[in-house]
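Architecture and fold: a report
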Amino acid sequence: QVQLVESGGDLVQAGGSLRLSCAASGSIFSINVMGWYRQAPGKQRELVADITRGGSQNYAESVKGRFTISRDNAKNTVYLQMNSLKPEDTAVYYCNAAIVPRVVAAARAYWGQGTQVTVSS
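Residues numbered from 1 in each chain as written. Predicted model: local features only at pLDDT ≥ 70, side-chain atom pairs only at ≥ 80, totals over all residues. Heavy atoms only, no water.

Observations regarding the state of the cysteines
- Counted by the stated rule, this structure contains 1 disulfide.
- Put simply, C22 and C95 are joined by a disulfide, and their sulfur atoms are 2.0 Å apart. With the S-S dihedral at roughly -85°, the linkage between C22 and C95 falls on the left-handed side. With C22 in strand β3 (residues 18-25) and C95 in strand β9 (residues 91-101), this pair connects stretches of sequence that are 73 residues apart.
- Residue classification places C22 among the buried positions, given a relative accessible area of 0%.
- By relative accessible area, C95 is classed as buried at 0%. (Disulfide = S-S within 2.5 Å. Helix = DSSP H or I, 4+ residues; strand = E, 2+ residues; numbered from the N terminus. Buried < 20%, exposed > 50% of the residue type's maximum accessible area, 1.4 Å probe, protein only.)

Section: the side chain of N96
- Relative to the helices and strands, N96 resides in strand β9.
- By relative accessible area, N96 is classed as buried at 11%.
- Polar side-chain contacts of N96 include one of 3.3 Å to the backbone oxygen of Y110.
- With residues up to four places along the chain from it excluded, the contact list for N96 reads L4, V33, M34, G35, Y37, A109, Y110 and W111. (Polar contact = N/O pair within 3.5 Å; in protein donor to acceptor, adjacent residues only side chain to side chain. Contact = heavy atoms within 4.5 Å.)

Notes on the sheet that holds strand β8 (residues 77-82)
- Read from one edge to the other, the open sheet built from 4 strands follows the order β1-β3-β8-β7, with strand pairing classed as antiparallel. Whereas interior strands pair on both sides, the edge strands pair on one side only; in this sheet they are β1 (3-7) and β7 (67-72). This sheet shows a mean twist of 15° between the axes of neighbouring strands, independent of strand direction.
- Taken together, the 6 bridges between β3 and β8 define a ladder with antiparallel strand orientation. Looking at β8, one finds that L18 is bridged to M82. (Pairing = 2+ DSSP bridges. Axes fitted to C-alpha atoms, helices over the stretch in contact; angles between N-to-C directions.)

Description of the environment of R19
- Turning to its location among the elements, R19 is positioned in strand β3.
- Each C-alpha atom of the pair R19 and M82 lies 6.0 Å from the other, and the pair is 63 residues apart in sequence.
- When sequence neighbours within four positions are dropped, the list of residues in contact with R19 reads S7, G8, S70, Y79, L80 and Q81.

Structural data, given as structure tokens:
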């Protein structure tokens, strides 16, 4: 019953900005850590940033100072503000969240379908 839906991916020029959103819906008891991963062509999936329910943030070294992760617990939504985008940021970005469903007293990892971010030179 739980799903994550991402939005906000687009084609932008280097130096531009994008804001990604991911909303969780369904029968949710609580959401623990939420994060963003990305997978570039020919590369393995990597963590971009994550954030705990209390607001503690973690970033990949390659995006520190450029990306900001945030969340709205009342809306079960996580955001990724991406500034000063570079061509190497091009990837499919996936939302991830550890969610405790109301009918199961244990957290499970859920993934969104992904949203394409393309940064041109």
